[in-house]
Amino acid sequence: MSMTQEEIEALMNDTPTEPENAVDDLLAGIEGIVESSEEDIEPEEVNVDDILAGIDGIVDNEPEVESEEVNVDDILAGIDGIVDNEPEIESDETSVDNMLSDIDDITENTIEEKEEAMLPLPSSKEHKIVNQLNEVAEDTEEKASQIFDVLSFILDENEKVTKSNDASKEFISSQIELLEKLSNKFPNIALLEENLKKAKEVGELTTLTTEIVNGENNKIFEAMEIMQYHDINRQKIERVMSVIRKLTQYLNGIFEDDSNKPEVQIAKHISGDGSQTVDESDIDSLISEFSTDN
Amino acid sequence: MKILIVDDSSTMRRIIGNVVQQLGVPKESFDEAEDGVVAWDLCQKNKYDVILTDWNMPNMNGLELVKHIRSAGSQHIKTPTIMITTEGGKSEVITALKAGVNNYIVKPFNAPTLKEKLDPFFKK
């Protein structure tokens, strides 16, 4: 079981994190809830007859459907009319044969495809599971690094924005100060008052820009933190790779042939394998076909 | 303040480096190593104020590195060392503490956690 940061702190401080009997208390609590809930539920006896009667009632209440006499011939005539308008299909025996042979081809191809899919893949580099997993881990590492480059670039650019914004802020502050002094000295000049107001508005905008950039930076830092899961997932993949490696070693060991007996040629078709094996009559016909007349 | 960041994942090294930079340490003030062997080599050549190391790494793991760091004759025998790892088991934490790490962080961590762990060493 993995430890939380708090538990690690507690471990480092030699303080117990939770009383030992806390789990027992919890379990007792849960048992209590289960017992009490079991007690509360009383099985209700359901009168099936009442339900059936109700259903009967519903059925009885349904409006009676009047059996209307319909002219079947009219309907058929209409259908015939529709059919008549359809393009005539020429009965061509050869086209049916072609269709049947096409269907046979499709069926054969499908069977072949299925057989191919079931065949074990060659143990080349691209089919080895550990190799594939290793490739996935390395590729995602590379891509994660590239994502990090992008995030770092945005951070660097944001820093430039912050710097130039700070410079603007400083200038606007000095302008506000100057305009305030001038405005106080020359209260009759409306233009000064107007510019002071505008300068204060721009000053507020620079503050807002700083806030936005800081917020963006925080989000980027958050994204960078989330990218730790790449490393965690990579380690999970490595754990799977380790299991496969051990399993391979185990299977190699268990299937290993310690005897020095030379490998004998194996039979390709043994009686009972299926349709590919021959019977007596097949053999006789083959003998008669291939035997040379002496 | 010179810091050594040891992790086989380049992404993790950058994440840790980023937090360290946020604490005011310039990029030039920290070195990176992808395994214990490279880290131990750097430790013999340079003097670090803090070492941040992962556990599971190829060639030489973090635990072995800590043992090397704490071995007699090492110039980093008293250097604050923090283990940053996915190993979240109690026995692993105890093993690391016994090997000589000063603190332990389980991945994934957040910037405030690492800052909190680093702060005492920065104030010294």
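Position numbers for residues start from 1 in each chain and track the written sequence from start to end. All chains are assigned letters beginning with A, and all ligands numbers beginning with 1, in the order in which they are written. For this predicted model, a pLDDT threshold of at least 70 governs which residues receive local features, and a threshold of 80 or more governs which side-chain atom pairs are given and counted, while totals over whole chains, interfaces and linings are taken from all residues.

## Quick notes on the overall build of chain B
Link 1 in the chain: Numbering of helices and strands runs from the N terminus; a helix is a DSSP stretch of H or I covering at least four residues, while a strand is a stretch of E covering at least two. Along the backbone of chain B there are five helices and five strands.
Link 2 in the chain: Sequence-ordered secondary structure for chain B, helices as α and strands as β, is β-α-β-α-β-α-β-α-β-α.
Link 3 in the chain: Expressed as a percentage of its 124 residues, the buried residues of chain B come to 45%.
Link 4 in the chain: Restricting to contacts in chain B with at least 6 residues of sequence separation, those with at least 24 account for 60%. Residues with at least 20 other C-beta atoms within 10 Å of their own are called buried, those with 12 or fewer are called exposed, and the rest are partly exposed. The C-beta atoms themselves are positioned from the backbone. A pair of residues counts as a contact when their C-beta atoms, built from backbone coordinates, are separated by no more than 7 Å.

## Structural notes on the overall build of chain A
Link 1 in the chain: Of regular secondary structure, chain A possesses nine helices and zero strands.
Link 2 in the chain: Written out in order from the N terminus, the α and β elements of chain A read α-α-α-α-α-α-α-α-α.
Link 3 in the chain: Put simply, chain A has 294 residues, and 5% of those count as buried.
Link 4 in the chain: Within chain A, residue pairs in contact and separated by at least 24 positions form 69% of the contacts whose partners lie at least 6 positions apart.

## Side note on the interface of chain A and chain B
Link 1 in the chain: Contacts between chain A and chain B engage 21 residues on the former and 21 residues on the latter.
Link 2 in the chain: Looking at the side of chain A that touches chain B, the elements with two or more residues in it are α1 (5-12), α6 (129-185), α7 (190-226) and α8 (228-255) of chain A.
Link 3 in the chain: Per element, the largest residue contribution to the side of chain A that touches chain B is seven residues, and it comes from α8 of chain A.
Link 4 in the chain: Residues are grouped as follows: nonpolar covers Ala, Val, Leu, Ile, Met, Phe, Trp, Tyr, Cys and Pro; charged covers Asp, Glu, Lys and Arg; every other residue, Gly included, is treated as polar. Class assignment for the residues of the side of chain A that touches chain B results in 11 nonpolar, six polar and four charged.

## What to know about the packing of α6 of chain A against α8 of chain A
Residue and element names in this part refer to chain A.
Link 1 in the chain: All axes here are fitted lines through C-alpha atoms, helices being fitted over the stretch that makes contact, and every angle between N-to-C directions spans 0 to 180 degrees. Two elements in contact, α6 and α8, have axes whose closest approach is 10 Å; the angle formed by their N-to-C orientations is 170 degrees. Classified by the angle their axes make, α6 and α8 are roughly antiparallel. Where α6 approaches α8, its residues Ile129, Val130, Leu133, Asn134, Val136, Ala137, Thr140, Glu141 and Ala144 are matched on the opposing element by His230, Arg234, Ile237, Glu238, Val240, Met241, Ile244 and Arg245.
Link 2 in the chain: Per-class residue counts for the contact of α6 with α8 are 10 nonpolar, three polar and four charged. Roughly parallel refers to an angle under 35 degrees, roughly antiparallel to one over 145, roughly perpendicular to one between 65 and 115, and oblique to any angle outside these ranges.

## Considering the sheet that holds strand β1 (residues 3-6) of chain B
Residues and elements named next belong to chain B.
Link 1 in the chain: Read from one edge to the other, the open sheet built from five strands follows the order β2-β1-β3-β4-β5, with strand pairing classed as parallel. Two strands close off the open sheet at either side, each with one partner strand: β2 (30-33) and β5 (103-106). When strand polarity is set aside, the average angle formed by the axes of neighbouring strands in this sheet is 15 degrees.
Link 2 in the chain: Here the rule is simple: two strands pair whenever DSSP picks up at least two bridges between them. In this structure, strand β3 (residues 50-53) lies alongside strand β4 (residues 81-85), joined through three bridges in parallel fashion. Note that in β4 the partner of Ile51 across the bridge is Thr81.

## Focus: the packing of α6 of chain A against α7 of chain A
All names here are of chain A.
Link 1 in the chain: Between α6 and α7, the least distance of the axes is 9 Å, while the angle of their chain directions is 160 degrees. Judged on the interaxial angle alone, α7 and α6 are roughly antiparallel. For the element pair α6 and α7, the recorded crossing hand is left-handed.
Link 2 in the chain: Its residues assigned to classes, the contact of α6 with α7 shows 16 nonpolar, 13 polar and five charged. Should the near helix be turned counterclockwise from the far one by less than a right angle, the crossing is left-handed, whereas a clockwise turn marks it as right-handed.

## Let's talk about the confidence of the model for chain B
Link 1 in the chain: As a per-residue quantity, pLDDT reports the predictor's confidence and falls between 0 and 100. Mean pLDDT over chain B stands at 91; residues scoring 70 or higher make up 99%.
Link 2 in the chain: For this predicted complex, the interface confidence comes out at an ipTM of 0.81, alongside a pTM of 0.60.

## A look at the pairing of β2 of chain B
All names here are of chain B.
Link 1 in the chain: When β1 meets β2, the two strands line up parallel, connected through four bridges. For Ile5, the partnering residue across the bridge sits in β2 and is Glu32.
Link 2 in the chain: With helix α1 (residues 10-22) bridging β1 and its parallel neighbour β2, the resulting β-α-β unit is right-handed. For a crossover, the right-handed case is the one in which the path from the first strand over the helix to the second runs clockwise, viewed with the strands pointing away from the viewer.

## Some thoughts on the pairing of β5 of chain B
Residue and element names in this part refer to chain B.
Link 1 in the chain: A two-sided burial pattern is seen for β5, the buried positions comprising Asn103 and Ile105 on one face and Tyr104 and Val106 on the other.
Link 2 in the chain: Relative to β5, β4 runs parallel, the two being bridged by four bridges. When the sheet's bridge partners are listed, Met83 is paired in β5 with Tyr104.
Link 3 in the chain: For the handedness criterion, the β-α-β arrangement of β4, helix α4 (residues 90-99) and β5 is classed as right-handed.

## Some words on α8 of chain A
Link 1 in the chain: Multiplying 1.5 Å by the helix residue count minus one yields the expected span of that helix. If you check α8 of chain A, its first and last C-alpha atoms are 41 Å apart, about what 28 residues at 1.5 Å a residue would give, namely 40 Å.
Link 2 in the chain: Looking only at α8 of chain A, the buried set comprises Gln228, His230, Asp231 and Arg234 of chain A.
Link 3 in the chain: Where α8 of chain A is buried, its residues touch α6 and α7 of chain A together with α1 of chain B.

## Concerning α7 of chain A
Link 1 in the chain: Taking 1.5 Å per residue as the helical rise, α7 of chain A with its 37 residues ought to reach 54 Å, and the 54 Å between its terminal C-alpha atoms agrees with that figure.
Link 2 in the chain: Of the residues making up α7 of chain A, those classed as buried are Leu196, Ala199 and Met224 of chain A.
Link 3 in the chain: Elements in contact with the buried residues of α7 of chain A: α6 of chain A together with α1 of chain B.

## Let's talk about the nonpolar core
A general feature of soluble globular proteins is that nonpolar side chains tend to end up buried together.
All names here are of chain B.
Link 1 in the chain: The term nonpolar core means buried Ala, Val, Leu, Ile, Met, Phe, Trp, Tyr and Cys residues held together as one set by C-beta atoms within 7 Å. Of all hydrophobic cores here, the largest spans 39 residues; its most connected members are Ile3, Leu4, Ile16 and Leu52.
Link 2 in the chain: Ranked by residue count, the leading element in this core is α1, at five residues.
Link 3 in the chain: Excluding residues that lie within four positions of it along the chain, Ile3 makes contacts with Val20, Val25, Ser29, Phe30, Tyr48, Asp49, Val50 and Leu52.

## A closer look at the confidence of the model for chain A
Residues and elements named next belong to chain A.
Link 1 in the chain: Residues with a pLDDT of 70 or more make up 64% of chain A, whose mean pLDDT is 75.
Link 2 in the chain: Per-element confidence in chain A ranges from a low mean pLDDT of 47 for helix α2 (residues 22-40) to a high of 93 for α7.
Link 3 in the chain: Long-range and interchain partners of residues 29-44, a stretch whose pLDDT sits below 50, account for zero contacts in this model, where long-range means more than four residues apart.
Link 4 in the chain: This model gives residues 75-87 a pLDDT under 50, and the stretch forms one contact once residues within four places in sequence are excluded.

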